[in-house]
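Spelled out from the first residue to the last, the chains are:
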2 protein chains.
Amino acid sequence: MSLLSSFCSKKRRLSLVSWEASLVPALSWLLLIPCLLVVNSNQCLADEGMFPVSELGSLDLQAKGLKLTSDEVFNTDAERTCLVDGICKVNGCTGAFVSNKALIITNHHCAYRAIQAASTTENDYLKNGFIPSKPGEEIPAPGYTVRVTESFKDVSEQVLAAVTAEMDFAQRSKAIERRIKEIETQAESDNAGKRAEVAEMFAGKTYVLFIYTYLKDVRLVFAPPSSVGKFGGDVDNWEWPRHTGDFSFMRAYVAPDGSSASYSPENVPYQPKKFLQVSAAGANEGDFVMLLGYPGRTARHKTASFLEFEQNVRLPFVVDYFGQQIETMQAAGANDRALAIKLLSRIARLANVEKRSRGQLKGLAGANIAANRRAKEKELQDFIDAAPELKARYGQTLAKIDMAYAEAAKTAEAEANVRNLLLASQLMSFAFTVYDGAVERQKPELERESAYMTRNYDQTVARLKAGHRDLELVTDQQLLQQLLERMGEAQRASLGLPAPGQLGPLYKASQLSSAATLDAYLAMSVEQLQAVEDPFMRLIVKLYPEFQRLRELGKQRSGKFDKLYGDLVTVKQLFQKLTFVPDANATLRLTHGTVRGYSPADAIWMRPATTLAGVIAKTTGKDPFETPAEVVELFQKKDFGRYAHPELKDVPVAILYDTDTTGGNSGSPILNAQGQLVGVNFDRAFEATINDFAWNTNYSRSIGVDVRYVLWITDTVYKANFLIGEMGL
Amino acid sequence: MSLLSSFCSKKRRLSLVSWEASLVPALSWLLLIPCLLVVNSNQCLADEGMFPVSELGSLDLQAKGLKLTSDEVFNTDAERTCLVDGICKVNGCTGAFVSNKALIITNHHCAYRAIQAASTTENDYLKNGFIPSKPGEEIPAPGYTVRVTESFKDVSEQVLAAVTAEMDFAQRSKAIERRIKEIETQAESDNAGKRAEVAEMFAGKTYVLFIYTYLKDVRLVFAPPSSVGKFGGDVDNWEWPRHTGDFSFMRAYVAPDGSSASYSPENVPYQPKKFLQVSAAGANEGDFVMLLGYPGRTARHKTASFLEFEQNVRLPFVVDYFGQQIETMQAAGANDRALAIKLLSRIARLANVEKRSRGQLKGLAGANIAANRRAKEKELQDFIDAAPELKARYGQTLAKIDMAYAEAAKTAEAEANVRNLLLASQLMSFAFTVYDGAVERQKPELERESAYMTRNYDQTVARLKAGHRDLELVTDQQLLQQLLERMGEAQRASLGLPAPGQLGPLYKASQLSSAATLDAYLAMSVEQLQAVEDPFMRLIVKLYPEFQRLRELGKQRSGKFDKLYGDLVTVKQLFQKLTFVPDANATLRLTHGTVRGYSPADAIWMRPATTLAGVIAKTTGKDPFETPAEVVELFQKKDFGRYAHPELKDVPVAILYDTDTTGGNSGSPILNAQGQLVGVNFDRAFEATINDFAWNTNYSRSIGVDVRYVLWITDTVYKANFLIGEMGL
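Residues numbered from 1 in each chain as written. Chains lettered and ligands numbered in written order. Predicted model: local features only at pLDDT ≥ 70, side-chain atom pairs only at ≥ 80, totals over all residues. Heavy atoms only, no water.

Draft legend 1. Structural view of the relation of the copies chain A and chain B. For the pair chain A and chain B, the relating rotation is 180 degrees, the translation along its axis is 0.1 Å, and the fit reaches an RMSD of 0.0 Å. One copy is carried onto the other by what is essentially a two-fold rotation axis. Minimal C-alpha separation from the rotation axis in chain A is found for A:W605, amounting to 2.5 Å. Looking at the interface residues of chain A, 100% of them are also at the interface in chain B, so both copies use one shared face. (Least-squares fit on C-alpha atoms with pLDDT ≥ 70 in both. Contact = heavy atoms within 4.5 Å.)

Written as structure tokens, this is what we have:
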């Protein structure tokens, strides 16, 4: 424990001083000043940046409108709670505790997998919503976890000490991986019941150990019908104006003794250290807002050649291939609601990425982002070339990165085809995970792939089984067949894959769709699995060397990129005489901004709030623009409860603001100047899909559901008043 | 002459008094007060209304911002010119004289047929524009006419005196038609060299005789490339924000003695009584604007049952069938520019109607227009039923109108199929016009269909021949085949039409595609034509009784509707104690408003001006978003000549304003408070396609090209400085 910086926790003992003392040596990346990104560096954009919470002191948010002290948002004083204690991670999303019984508000799309898993054609919670009539009517959400950040600590020196100059790139990568596992294992043994994770902040350069409370019994408390929670569907996804009530309530449970436990009826609600106050006043144009959350991945420190790789290779492939898969699954579910329920979550995930990728392609093409970055790199190269000692050390860094992407581009599609075997066919994926697990679990703990380490294996199996429930063979076969067609004969032959037309007998012969078979296989050794007759297991055994080759290639590449990008950040800091905010990496960040509109194109101005009247205007009665009769009726009666906007005389539905977000910020609470929850973040505007590569004050806008719509739907429409009471409203 | 009210003309002799005296008796329709339409009658919408210019005095435009006296816009003083003298009709569009040599500014899409007719793959004026290098470099525009309104006079009594109570509906219709022809013929004989036309103002109720100067030698003076004049193409058509430089210059010529004449090299420019001053200052948000022009058709006085007929029967058919034709023609022209040139004008016309119809369908569905009108009719019916004398006379009027539409709906598609034979196949159309002309021209002058009267026949033949030039048999056959498929076997059999697959030999055998054959047929008698072997002439001879039946049915229906709608207007006036503006009918009207934005949907605000930067942003390099290299280059150099907006520091391209317009207002000059030309009207926003049925201050917006863009393109980009000089700038 004493090794870790903890924060905002009465149970923690480290003082601010010891925390600073322990971190300062390796914390060059934490000495952050806003507005330092490579792109747009010619203007100071006050609202750019996904700041590690440790940076709060340097941001002067009070000048921007925050009415709290920075300490009230985040502090390292073990005796005082702070807002950050009210934030949690819900699988890949963010959530916020809104009661002392761990009631969590997050997005409908974050709870979607749980709603879907509980839905049948008889109890279609996707369609009708999950509307409890009294407290305690909840549904387990298998495969869901909630984690709460407890503390963090820079471990860069410790990690990088594992690397020696003689190592090649793959060795380097493996040495770092192994060292990280050691640190995590040690930290978990030091912090019983907690989860430890080392996050790479700057690639190949800085690493931070995070300690999380890790809750495994998560339940669904309230979900509006998809016609509210997913209103507009894939048509409106990534678009403003938006009219989606994208929220749900969940709850985290622990064993009666307070320890983390899997689902059990005996479990009791977790008690968060802090929960957020909900303000029914919502947020209006011009208001200060800030978001806390776990943004997933950005690539703002990547090179122009990376952007070109995205623009010319990866994104077009994703748009094309995902588009094909979506079409196939939609057709399959068109006249079969039971099948549609199974496929909906998968379609939603693919469609989300497909449309985001389209937005990014449009943004990359339109905004000259790669060309601008190339120009900045030219300036950096000139700076390097002018100083002999820099030139000797970094003169080739950019060129080598460019070459590495050029190299990767050559085989990118062929490699993607192989990896996509596990995406297209769930049978292939199950067989692979079972066999890969058996192979890896023969190895010593620290040499295993992370998913198969003892600390992770249960969750890996739980996810495997959750996915297995939704297996559907007709679509599985169609998707696999399409991928085999896409591969072409030469690649199929080289891998020993069947022709697209020959899949029928394989599917007929396979037993892998039975849960009993899956359980049996999970219990087998590598040798036993190699002897199994199931055609999909045989295919995986045959393909396994190729998957291993790709895994090794991946480690080699990532070792190379880590080294090169580490050098690039070092020399860039010398050049700009500044440090930067690290790219998002699914660790806790803060972003702040203002509720404000934007102009997506000449002569168009987007206002930053939508209304219930807009929902009604968009309603066609056909998916995805259906609206529940209750909602239409209350709108017509102008029954807005206490949730109407005082001037608009209507319920505000969604709001727009210029914070800096990316995937993973889904579910992030939108906080007002008092730190009260006024909405839930769920998306970005189409132009802002490009956020992942570059942020821009003119068009980077995030979208959230206004808390007034959340409360109106929960309270006035669906009468779950006890939840309103639980939130203290 | 003394029978006619004339205006703004030094050559005219009637005084205001005699004009008033001659018109008052039948002029109930001219005693107009704004804001009286059936729809939206609950609020006074100051900007609604396509006012006959005679109404100007009652509008108090000075209170709205006009800096001229009403007399300066329009007066009946023979000694004084007025703005109205500077307006002309260019085929179905409007134009404005902008020099004393009859330089006319109108839309690119209005001149499109002329540009297309002059274009070849070698001299592709559609693609490259027609850019004269010196004065006098002009191209004849065959088939184009320019007409200038000289005077008008109410002739309702004279027309309706032809009707007796005993007549059935067809007889009624024919009697009115014949009387109108008599009046027109007499007026033309009284006014040598002029054109006379009686316009029905309120159906079956009021008729006005218009006298026009009619110019037949029209030439193309300047056209920008389609990449400017049609920028955005069918994608942006009917849409805001718009970035289209939709303007062209033409010129009207007369014989050296000043009389109207067909094209001859000896002709000299016409001298308009008045030409409009162009103001290079353009128009900006909040500015007063007014338009003069010839709006074609609106249906604001039609019943809910008419709207339902449109919504359920006619518009869906148009969208479906036109869409199919467009697709076929686009595919045909995709790889053959010569063929594409022939088809472009036809595609543009169909696409325009198709998209407008889609907008109208959306508007009718969304805005509850039919239901609202039905509710108003219910109030009217209650009013009628409450007064026995009204009930006796008008009690069944609405019900009879409803029944008539219900009746028409039953056979609408079958009838449309027959009429569309002449739309789908030009060969069919040519054969029909030739044969129909021969039949009709056997009759006495006043009994002929209007197109074949001596006063019209030359123009009918000229149009026939202009169309014949663009005949293209492969597409002609495809389109006819599709229509035959659409008809189905039963209808084909009943009409004796060939099966879709049997057209090949017919096209092979026909000689009608030769200009010599067409000339020969035009010289033949009915009997001679009946003996002709050409398969298309034989088809037409066989189908002719069906076409005659439909024509007779049309007269019968129009007689019925005229009678019923005449009654409806009468009783509506009693009910509302007001009179109304008559629906648009291609006669001269004025509309006024303000340059202002609008909200097409919740949270979206459209600003009322676009810029050259927006053109560049939309430019993809692919049709319809190409931009000439010269334009891009000058934009990059920020060379805006003297045409930049002082604050925007950019050239304004298009403006948006809330005047009341419809088709026929294309090319209408946008006039500022001083009556100076500041732009050229060319379209409406998508939501405003519904204008034809109902006007609304919230979304009825017209779109024009800002004169600054016109001048920048003409002067700065294409160096046609002599035109700028001719306009006196």
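Structure shown, so let's carry the discussion forward.
Draft legend 2. Broad picture of the domain arrangement of chain A. Residue and element names in this part refer to chain A. Partitioning chain A into domains gives domain 1 (32-145 + 216-299 + 583-598 + 609-614 + 616-726) and domain 2 (304-575). Just the C-alpha atoms count here: the centres of domain 1 and domain 2 sit 29 Å apart. The interface of domain 1 with domain 2 comprises 34 residues on the first partner and 36 residues on the second. Here domain 1 and domain 2 share an interface that buries about 2,700 Å² over both sides, 58% of which is from carbon and sulfur atoms. Where domain 1 packs against domain 2, one counts three salt bridges. There are 18 residue pairs in polar contact (both at pLDDT 80 or more) connecting domain 1 and domain 2. For the side of domain 1 that touches domain 2, the secondary-structure elements that each account for two or more residues are α5 (108-118), α6 (125-128) and α10 (233-236). In the side of domain 1 that touches domain 2, the residues fall into 13 nonpolar, ten polar and eleven charged. (Domains from an automatic or database assignment. Buried area = accessible area lost by both parts, 1.4 Å probe. Salt bridge = Lys/Arg side-chain N within 4 Å of Asp/Glu carboxyl O. Polar contact = N/O pair within 3.5 Å; in protein donor to acceptor, adjacent residues only side chain to side chain. Helix = DSSP H or I, 4+ residues; strand = E, 2+ residues; numbered from the N terminus. Nonpolar A, V, L, I, M, F, W, Y, C, P; charged D, E, K, R; others polar.)

Draft legend 3. Expanded view of the pattern of salt bridges. All names here are of chain A. The full count for this structure, using the stated rule, is 94 salt bridges over all chains. Between R178 and E447 there is a salt bridge; the shortest N-O distance is 3.1 Å. Residue R178 is found in helix α8 (residues 169-190), and its partner E447 is found in the loop between α16 (426-440) and α17 (454-469); the two are separated by 269 residues along the sequence. With a relative accessible area of 44%, E447 lands in the partly exposed category. Within the structure, one salt-bridge network assembled from shared partners comprises E177, K181, D436, E440, K443, E449, R551 and K555. (Buried < 20%, exposed > 50% of the residue type's maximum accessible area, 1.4 Å probe, protein only.)

Draft legend 4. A look at the state of the cysteines. Taken as a whole and assessed by the stated rule, the structure comprises two disulfides over all chains. Cysteine B:C88 is unpaired, with the sulfur of B:C93 as its nearest cysteine sulfur at 10 Å. (Disulfide = S-S within 2.5 Å.)

Draft legend 5. Examining the packing of aromatic side chains more closely. Residue and element names in this part refer to chain A. With the rule as written, the count across this model stands at 45 aromatic pairs over all chains. Ring geometry for F74 and F152: centres 6.3 Å apart, planes at 20 degrees, overall stacked. Within this pair, whereas F74 is found in the loop between α4 (70-73) and β3 (87-90), its partner F152 is found in strand β7 (residues 146-154), the two being separated by 78 residues in sequence. Comparing F74 with F152 shows no difference in burial state: the two are buried. Of note, R195 hangs over the ring of Y214, and the distance from its end group to the ring centre comes to 5.1 Å. Taking the ring centre of F317 as reference, the NZ or CZ of R486 above it sits at 5.8 Å. (Phe/Tyr/Trp six-rings, centres within 6.5 Å; stacked < 30°, edge-to-face > 60°. Lys NZ or Arg CZ within 6 Å of the ring centre and 35° of its normal.)

Draft legend 6. Spatial organisation of the packing of α5(A) against helix α12 (residues 337-366) of chain A. Residues and elements named next belong to chain A. Running from amino to carboxyl end, α5 crosses α12 at an angle of 165 degrees, the nearest separation of the two axes being 9 Å. Between α5 and α12, the crossing angle belongs to the class labelled roughly antiparallel. For the element pair α5 and α12, the recorded crossing hand is left-handed. In this structure, α5 uses Y112, R113 and Q116 to contact α12, whose residues at the interface are I341, K342, L343, L344, S345 and R349. Across the contact of α5 with α12, the residue classes tally to four nonpolar, two polar and three charged. (Axes fitted to C-alpha atoms, helices over the stretch in contact; angles between N-to-C directions. Parallel < 35°, antiparallel > 145°, perpendicular 65-115°, else oblique. Left-handed = near helix turned anticlockwise from the far one by under 90°.)

Draft legend 7. Layout of the interface of chain A and chain B. Listed per partner, the contact involves 14 residues of chain A and 14 residues of chain B. Across the contact surface, chain A and chain B share seven residue pairs in polar contact (both at pLDDT 80 or more). Listing elements by their share of the side of chain A that touches chain B, those giving two or more residues are β16 (604-606) and β17 (609-611) of chain A. Within the side of chain A that touches chain B, the residues separate by chemical class into seven nonpolar, five polar and two charged. One ladder, built from three bridges, connects β16(A) with strand β16 (residues 604-606) of chain B; its direction is antiparallel. Along β16(B), the bridge assignment pairs A:M606 with B:I604. (Pairing = 2+ DSSP bridges.)

Draft legend 8. Here's a closer look at the sheet that holds strand β17 (residues 609-611) of chain B. Residue and element names in this part refer to chain B. Ordered by their spatial adjacency, eight strands build an open sheet running β2-β14-β13-β19-β20-β21-β18-β17, and the pairing between neighbours is antiparallel. Lying at the two open borders of the sheet, with one neighbouring strand each, are β2 (51-52) and β17. Bridging between β2 and strand β14 (residues 589-594) involves two bridges; their strand directions are antiparallel. Residue P52 lies in a different strand from β14, and its bridge partner there is R589.

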